[in-house]
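Residue-level listing of the chains:
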Amino acid sequence: MWRTRRAAGACEVCRSFLSISCAGRGPFSPPRLHLLSRSIHLPHPPTLRPLRPQLRASSQPFSSLGHLPLRRWKLSPVRLNYQPRRHFWPARLAARLLRLRYLILGSAVGGGYTAKKTFDQWKDMIPDLSDYKWIVPDFVWQLDEYIDLEKLSKALPDSEALAKLLPDFDKLAGSFSLFKDFFSPGSSGETAFRATDASESDRQFKKVTDKEKVEQLQEELLRTQLKYQRILERLEKENKELRKLVLQRDDKGIHHRNLKKSLIDMYSEVLDVLSDYDASYNTQDHLPRVVVVGDQSAGKTSVLEMIAQARIFPRGSGEMMTRSPVKVTLSEGPHHVALFKDSSREFDLTKEEDLAALRREIELRMRKNVKEGYTVSPETISLNVKGPGLQRMVLVDLPGVINTVTAGMAPDTKETIFSISKAYMQNPNAIILCIQDGSVDAERSIVTDLVSQMDPHGKRTIFVLTKVDLAERNVASPSRIQQIIEGKLFPMKALGYFAVVTGKGNSSESIEAIRDYEEEFFQNSKLLKTSMLKAHQVTTRNLSLAVSDCFWKMVRESVEQQADCFKATRFNLETEWKNNYPRLRELDRNELFEKAKNEILDEVISLSQVTPKHWEEILQQMLWERVSTHVIENIYLPAAQTMNSGTFNTTVDIKLKQWTDKQLPTKAVEVAWETLQEEFSRFMTEPKGKEHDDIFDKLKQAVKEESIKRHKWNDFAEDSLRVIQHNALEDRSITDKQQWDAAIYFMEEALRGRLKDTETVLENMVGPDWKKRWVHWMGRTHEQSVHNETKNELERMLKCNEEHPAYLASDEITTVRKNLESRGVEVDPSLIKDTWHQVYRRHFLKTALTHCNLCRRGFYYYQRHFVDSELECNDVVLFWRIQRMLAITANTLRQQLTNTEVRRLEKNVKEVLEDFAEDGDKKVKLLTGKRVQLAEDLKKVREIQEKLDAFIEALHQEK
């Protein structure tokens, strides 16, 4: 019976000891156990009361990371339900009373001294657990209220495996034999005195070997703590798998409940909106972030990857890889995945090909953000990383601080990196994670001076010493590492100091391999065994816990104050809008763009509603304006000046054929495309009366130019036009008088236009006439006077021979020159030729107009094919052929426009609008003005305030 009770009591003591060891966490502070929040019920013998360790937490506030409130444990004494047998004989009762005094004496002398010494030894060996409250949250200290101990008991190893790890309870039970003899009926009082004498001799012996025992006990304690550390790590791994299964079930909707957005995701969205609103922090954005800063190649990226538990960043040996800030939002989820804010693709971080793709994507985004001529960019890349067991926080990885600008970098790279780092660190609520390379000399550090300027008192700085394995191997004095961790070497202060190892320098190492190497290093490190480093200051696991707790502490302290600031900003913006634009809606850039998009599409559709008659009139007019010079100068005048009907027709046919084969189809397509552009521009730019909003003018102009730039006319249009135009010019049969009169009218208009142009040239050549000289007090220059004398002489010659050919003979030029010289005017033969060309041209055009008027009655002769040498109207037929060709060409181009090109242009406009809709810079550039900016600010501030209010509400619910 006694053995059974002693064994049961020992089990209860073991359970209490196990609870205390798990809470103390040994030499390394493992991560918190994310267990299901229920109570544990360990089985115990029915004859014994279950032991329940009472946990009492000190409420003393902490002042720094090294002095945290001590968690004191008070173990309730073991109560054995022993009921001694009753003896009613007086002699037996007297004997028992006599033995009782020996028991009291022996217990007071021997047992009291031994217990006191054992307690002092254990007290000296147990590490100081003070000030751990900010690292380990409160619910871990209250296990009986938050942890489901029933499920933990199932996760504990079986009795056989536990028996190998726990002390030998048989030996422990033997220690109670002395007390058993005292209570046994046949024992004598001498046994107690012998026990007392034995304890005295043992005490003398222990004084001799006290130092050796202390060393042995320390080693034994370290081994025991390492065993419990492995047990807890295994339990943590199993718990992680269990939580992953639970999250997966929730994700699939097995429990039929709506999963709400996590706190950290809500908070990250607020930061993303703020970043879009004002990346330069002009809005006094003081929301907390964890800002990761450090010298180049100090290990910033490696620390971030250890916290995120994935190799997600591009790596390079000695090369600047982080070229723009990367905001990483860590949150818990069933799958270890990563995704960008502006993309729906999920990267599976458990697959190496997805990790490689993610690193390439981050590198491409960084290079895209960096503008030409720069090395780094202030634009932020937003990345979300989810996975089981990740600590919830928002980290911003900044480009590494450099001391020298090397070849290939922009000259202002150093200053740009400093300005980016200061912009993030000057936020009074930002947590600065200062990364320092432990393998290089501390005097080479640049970032520590920058951090000390931004946070001189170290109230929000956490210092991290990386590559401690290299430091321990290479540094001559290990005490230098201790000075760094204690904050005595660098001219900066910090809230906490940590030492980590982030791998062996091999970029292909996995996170699991790095974590194993880190734990193995610190288990064997002399820095830890010699107490140069404290247990809570090592490993990235402890760093992650500390940073997460600091982050949420800062968030809870500052988020409501920031929400109030944005409420005040919103009120000011709304008041300004009401005062300036009381009758307009508050449309931001996206809403204004959608409104402008609809207007532009409506205007493009209006092109299809233009009447065919309008298209043909415009096309015919523009085509004649483009070809009239060639028709008059290169076809009509050379043929008409031959003065022979047969030669005229032959010359016209040859020149028309050449013109149709080479120039006319191309000109026609150009004219059609320009006509479409002009009509499109007219619809886009003409005011719409009261509904016209000039805020869209720049956008419409840009859409018009880009759409026209992308549009290309159908390549087969020229070939079909060439055939149609050639057939139209081959026809010489005018069927009715109306067509004849229309051709004469067309010819007269063309010739009058040329005559007017010729007279203008002559007037500029000879100067103003007598009327203008008299009225406007204008005079002629010497050159104009010479031209005027030459013109008069040539006109007298033409009056003598009105049928003079188009060219002057050499003797005629000599005669004109001598006549002018006789009047004292010296002229050059080339001047005579130039003047003659214009004089004869005017004379010929006037004669042609007179002949055109005479041909009005010539249709009767033309229709009956009468040959009348006095009235030949071949020039009228030519102009009819040209006019008919213009009409047929305009009709063909109109059909191409309405059936094909307008639709293609509409498609181009839609593509341009879609491209502009995805380009935020285009919207900012094309939709400008105080009204747009005010509406944009008002929308963003409202969105920020709403998201902050939702986050604060969820934060209060989580408490």
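Residues numbered from 1 in each chain as written. Predicted model: local features only at pLDDT ≥ 70, side-chain atom pairs only at ≥ 80, totals over all residues. Heavy atoms only, no water.

Regarding its fold elements, the protein presents 35 helices and 11 strands. Within the protein, contacts between residues separated by at least 24 positions form 81% of all contacts whose residues are at least 6 apart in sequence. Of the roughly 52500 Å² of accessible surface on the protein, a fraction of 51% belongs to carbon and sulfur atoms. (Helix = DSSP H or I, 4+ residues; strand = E, 2+ residues; numbered from the N terminus. Contact = heavy atoms within 4.5 Å. Areas by Shrake-Rupley, 256 points an atom, 1.4 Å probe, with all protein chains shown as cover.)

Enumeration over the complete set of coordinates arrives at 44 salt bridges. Here Glu486 and Lys488 are joined by a salt bridge, their closest N and O atoms 3.2 Å apart. Residue classification places Lys488 among the exposed positions, given a relative accessible area of 63%. When the shortest N-O distance is used, the salt bridge between Arg842 and Glu795 registers 2.4 Å. One end of the pair, Arg842, is in helix α31 (residues 829–854); the other, Glu795, is in helix α29 (residues 782–800), with 47 residues separating them in the sequence. Residue Glu795 is classed as partly exposed on the basis of its relative accessible area of 22%. If you follow the salt bridges from partner to partner, you end up with Arg570, Glu574, Glu586 and Arg942 in one network. (Salt bridge = Lys/Arg side-chain N within 4 Å of Asp/Glu carboxyl O. Buried < 20%, exposed > 50% of the residue type's maximum accessible area, 1.4 Å probe, protein only.)

Side chains of Trp770, Trp774 and Val775 sit close together on the surface and give an oily, nonpolar patch of about 470 Å² of accessible area. Assignment of secondary structure puts Trp774 in helix α28 (residues 770–776). Residue classification places Trp774 among the exposed positions, given a relative accessible area of 69%. (Patch = residues over 30% accessible without salt bridge, like charges linked within 9 Å, V, L, I, M, F, W, Y side chains within 5 Å.)

Outside of glycine, negative phi angles account for most residues, and trans bonds account for most peptide bonds. One non-glycine residue, Gln309, lies in positive phi territory at about 60°. Structurally, the position occupied by Gln309 is in the loop between α12 (300–308) and β4 (326–331). In the Ramachandran plot, Thr539 falls in the positive-phi region, its phi being about 75° despite a non-glycine side chain. On the secondary structure map, Thr539 appears in the loop between α19 (526–529) and α20 (540–580).

Here we take up the pairing of strand β3 (residues 290–294). Most of β3 is tucked away: 5 of the 5 residues are buried. Of the two faces of β3, the one holding Val290, Val292 and Gly294 and the one holding Val291 and Val293 are both buried throughout. In this structure, β3 lies alongside strand β8 (residues 393–397), joined through 3 bridges in parallel fashion. From the neighbouring strand, Val290 faces β8, where its bridge partner is Leu395. Of the pairings in the sheet, the one linking β3 to strand β9 (residues 431–437) comprises 5 bridges and is parallel in character. Directly across from Val290, in β9, lies its bridge partner Ile431. (Pairing = 2+ DSSP bridges.)

With respect to the element layout, Ser421 can be found in helix α14 (residues 413–425). Every residue in contact with Ser421, bar those within four places of it in the chain, is listed here: Leu398, Pro399, Val401 and Leu450.

A separate point is the packing of helix α21 (residues 589–607) against helix α33 (residues 874–918). It is the contact of α21 with α33, at a shortest axis distance of 10 Å, that shows an interaxial angle of 170°. Relative to α33, the element α21 lies roughly antiparallel. Contacts from Phe593, Lys597, Ile600, Leu601, Val604, Ile605 and Leu607 of α21 reach α33 at Val902, Leu905, Glu906, Val909, Lys910, Leu913, Phe916 and Ala917. (Axes fitted to C-alpha atoms, helices over the stretch in contact; angles between N-to-C directions. Parallel < 35°, antiparallel > 145°, perpendicular 65-115°, else oblique.)

With that out of the way, let us pick up a positive patch on the surface. Together, Lys698, Lys709, Lys922 and Lys925 make up a region of like positive charge exposed at the surface. Every element with two or more residues in the positive patch is listed here: α25 (697–710) and α34 (920–926). Its place among the elements puts Lys709 in helix α25. On the accessibility criterion, Lys709 (67% relative accessible area) is exposed. (Lys, Arg positive; Asp, Glu negative; His and termini not counted. Charge placed at Lys NZ, Arg CZ, Asp CG, Glu CD.)

The share of residues in the protein with pLDDT of 70 or more is 71%, and the mean pLDDT across the chain is 76. Predicted confidence for residues 1–87 stays below pLDDT 50, and this span has 176 contacts to residues more than four positions away or in other chains. A low-confidence stretch, residues 175–199 (pLDDT under 50), is modelled with 23 contacts involving residues beyond four sequence positions or located in other chains. (pLDDT = per-residue confidence, 0-100.)

What follows concerns helix α15 (residues 447–454). All of the buried residues along α15 are Val447, Thr448, Leu450, Val451 and Ser452. For α15, the elements touching its buried residues are β3, α14, β9 and β10 (461–466).

The next subject is α25. Helical geometry note: an α-helix holds 3.6 residues per turn, so side chains three or four residues apart project in the same direction. Here α25 spans 20 Å end to end across 14 residues, near enough to the 20 Å set by a 1.5 Å rise per residue. All buried positions along α25 are accounted for by Leu699, Lys700, Ala702, Val703, Lys704, Ser707 and Ile708. Packed against the buried residues of α25 are α21, α24 (664–685), α33 and α34. (Expected span 1.5 Å × (residues − 1).)

Before going further, it helps to examine the sheet that holds β10. With respect to topology, 9 strands assemble into an open sheet ordered β6-β5-β7-β4-β8-β3-β9-β10-β11, the strand pairing being mixed. The open sheet is flanked by β6 (347–348) and β11 (496–499), the only strands paired with a single partner.

This part is about the packing of aromatic side chains. Per the stated rule, a full pass over the model turns up 15 aromatic pairs. Where Phe340 meets Phe347, the ring centres are 6.0 Å apart and the plane angle is 90°; that geometry is what we call edge-to-face. By relative accessible area, which is 2% here, Phe340 ends up buried. Given the relative accessible area of 2%, Phe347 is considered buried. Each ring, one from Tyr636 and one from Phe879, has its centre 5.3 Å from the other, and the planes form 65°; the classification is edge-to-face. (Phe/Tyr/Trp six-rings, centres within 6.5 Å; stacked < 30°, edge-to-face > 60°.)

A few words now on the environment of Ala950. Inspection of the secondary structure puts Ala950 in helix α35 (residues 930–958). Between the C-alpha atom of Ala950 and that of Leu263, which follows or precedes it by 687 residues, the distance is 9.6 Å.

When two helices pack together, their arrangement is given by the angle between the helix axes and by the axis-to-axis distance. Interhelical geometry of helix α27 (residues 737–766) versus α29 gives an angle of 125° and a closest axis separation of 7 Å. The pairing of α27 with α29 is recorded here as oblique in orientation. Here α27 contributes Leu762, Asn764, Met765 and Val766 to the contact with α29, which in turn contributes Gln784, His787, Asn788 and Lys791. Tallied by class, the residues present in the contact of α27 with α29 amount to 3 nonpolar, 4 polar and 1 charged. (Nonpolar A, V, L, I, M, F, W, Y, C, P; charged D, E, K, R; others polar.)

Turning to the nonpolar core, a few remarks are in order. Counting residues in hydrophobic clusters, the biggest one holds 102 residues, and the most contacted among them are Tyr636, Trp659 and Ile882. Top element by residues in this core is α33. It accounts for 17 residues. Excluding its chain neighbours within four sequence positions, the residues that come into contact with Trp659 are Val627, His630, Val631, Ile635, Leu664, Pro665, Ile882 and Met885. With 71 residues, the next largest nonpolar core counts Ile264, Ile307, Met366 and Ala935 among its residues. (Core = buried A, V, L, I, M, F, W, Y, C linked by side-chain atoms within 4.5 Å.)

For β4, the tally of buried residues reaches 6 of 6 residues, placing the bulk of the element in the interior. Neither face of β4 is open: one carries Val326, Val328 and Leu330, the other Lys327, Thr329 and Ser331, and all of them are buried. Sheet topology places β4 next to β8; 5 bridges connect them, and they run antiparallel. Of the residues in β8, the one forming a bridge with Lys327 is Val396.

Taken together, the side chains of Glu560, Asp564, Glu946, Asp949 and Glu953 present a region of like negative charge at the surface. Listed by contribution, the elements that provide at least two residues to the negative patch are α20 and α35. Among the elements that line the negative patch, the one with the most residues is α35, at 3 residues. Here Asp949 lies in helix α35.

Right, let's get into the side chain of Thr375. Relative to the helices and strands, Thr375 is located in the loop between α13 (352–369) and β7 (381–386). Within the local environment of Thr375, its side chain forms a polar contact with the backbone nitrogen of Ala410, the two atoms lying 2.7 Å apart. Not counting chain neighbours up to four residues away, the residues in contact with Thr375 comprise Met320, Arg323, Val370, Gly408, Met409, Ala410 and Thr413. (Polar contact = N/O pair within 3.5 Å; in protein donor to acceptor, adjacent residues only side chain to side chain.)

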